[in-house]
Amino acid sequence: MDTKQPFEKLVELHGAAVLRVCRAVVGPLDADDVWQETFISALRAYTELPADANIEAWLVTIAHRRSLDSVRASARRAVPIESVPDRESPLGIPDPPGDGVWNHVARLPDKQRRVIAYRYLADLPFTEIAAIVGGTPAAARRSAADGIKKLRILTSADLPEGDSHEQH
């Protein structure tokens, strides 16, 4: 007897978390496409998934793979723009809408960016994150801590004089 939920229910329950992860990893411009590819891949593989599997970790793993595919593909294609931007973006494209902290997240090393997305947007434990990105839970924890530390430095550099908070 199969005790799995209907696939539509998975999309309803986990779709928002997977979209947040996709946005953090590939940026807001490609996130919707990666999200869609994630759920298409998941739908194809759902019948083979064990009933006791961690669904969210499984979906984030698929999103991770689709994100890598997207990044590789974007490196091979031109980015159409109306005019040359005034400043260079670390992504090689004009700043995405609503930059701010996401602009800083995009500047993190790849592994730190992914670990932060999986931990703080998908709320996955470090054991699951380590299984997705490779390495140990301690290494994933260290990547997250290093990334958060760098984000604090980057965001405090954006504050006007006198607005920075001392770290305790």
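Residues numbered from 1 in each chain as written. Predicted model: local features only at pLDDT ≥ 70, side-chain atom pairs only at ≥ 80, totals over all residues. Heavy atoms only, no water.

### Description of the overall build of the chain
Each helix and strand counted, the chain has seven helices and zero strands in total. For the chain, the residues scored as buried account for 36% of the 168 residues in total. Within the chain, residue pairs in contact and separated by at least 24 positions form 61% of the contacts whose partners lie at least 6 positions apart. Total accessible area on the chain is roughly 10600 Å²; 52% of this is exposed by carbon and sulfur atoms. (Helix = DSSP H or I, 4+ residues; strand = E, 2+ residues; numbered from the N terminus. Buried < 20%, exposed > 50% of the residue type's maximum accessible area, 1.4 Å probe, protein only. Contact = heavy atoms within 4.5 Å. Areas by Shrake-Rupley, 256 points an atom, 1.4 Å probe, with all protein chains shown as cover.)

### Here's the deal with the pattern of salt bridges
Oppositely charged side chains may form a pair once their charged atoms are brought near each other. Using the criterion set out here, one finds seven salt bridges in the structure. For Arg66, the salt bridge identified is with Asp69, shortest N-O distance 2.4 Å. Here the residue Arg66 and the residue Asp69 both occupy positions in helix α3 (residues 55-75), the gap between them amounting to three residues, near one helical turn. When its relative accessible area of 35% is taken as the criterion, Asp69 is described as partly exposed. Salt-bridge contacts for Arg119 lead to Asp123; the nearest nitrogen and oxygen are separated by 3.7 Å. Note on Asp123: relative accessible area 58%, which makes it exposed. One salt-bridge network, in which partners are shared between bridges, spans Arg66, Asp69 and Arg72. (Salt bridge = Lys/Arg side-chain N within 4 Å of Asp/Glu carboxyl O.)

### Notes on the packing of α3 against helix α6 (residues 126-133)
Close contact between α3 and α6 brings their axes to 10 Å; oriented N to C, the two are set at 30°. Considering their axes alone, α3 and α6 lie roughly parallel with respect to each other. For the pair α3 and α6, the sense of crossing is right-handed. In this structure, α3 contributes Ala57, Val60, Thr61 and His64 to the contact, and α6 contributes Glu128, Ile132 and Val133. Considering only residue class, the contact of α3 with α6 consists of four nonpolar, two polar and one charged. (Axes fitted to C-alpha atoms, helices over the stretch in contact; angles between N-to-C directions. Parallel < 35°, antiparallel > 145°, perpendicular 65-115°, else oblique. Left-handed = near helix turned anticlockwise from the far one by under 90°. Nonpolar A, V, L, I, M, F, W, Y, C, P; charged D, E, K, R; others polar.)

### Here's the deal with the nonpolar core
Trp58, Leu59, Tyr118, Leu124 and Ile129 are the most contacted members of the largest nonpolar core, which totals 33 residues. Looking at this core, the elements that each hand over two or more residues are α1 (7-26), α2 (31-45), α3, α5 (110-121), α6 and α7 (137-158). By residue number, the principal contributor to this core is α1, which donates nine residues. Those residues within four positions of Tyr118 in sequence are excluded, and the remaining contacts are Val21, Val25, Val60, His64, Asp123, Leu124, Ile129, Ile132 and Val133. (Core = buried A, V, L, I, M, F, W, Y, C linked by side-chain atoms within 4.5 Å.)

### Some words on α6
One full turn of an α-helix is made of 3.6 residues, so residues set three or four places apart face in the same direction. All buried positions along α6 are accounted for by Phe126, Ile129, Ala130 and Ile132. Within α6, the buried residues cover an arc of 160° as seen down the axis, which keeps them to one side. Away from its buried face by more than 90 degrees, α6 exposes Thr127 and Ala131. Once α6 ends, the next one or two residues include Gly134, with phi positive near 95°. (Arc of directions from axis to C-beta.)

### Points about the side chain of Ser67
Considering the arrangement of structural elements, one finds Ser67 in helix α3. Residue classification places Ser67 among the buried positions, given a relative accessible area of 1%. Those residues in contact with Ser67 that lie beyond four places of it in its chain are Val25, Val26, Val34 and Arg114.

### Focus on the environment of Pro125
Tracing the backbone through its elements, the reader meets Pro125 in the loop between α5 and α6. For the pair Pro125 and Ala57, spaced 68 residues apart in sequence, the C-alpha to C-alpha distance is 9.1 Å.

### With respect to unusual backbone geometry
Most peptide bonds take the trans form, and the phi angle of most residues other than glycine is negative. Its identity is not glycine, yet Asp123 carries a phi of approximately 60°, on the positive side. Of note, Asp123 is situated in the loop between α5 and α6.

All quantities given are derived from atomic positions and should not be read as evidence of function.
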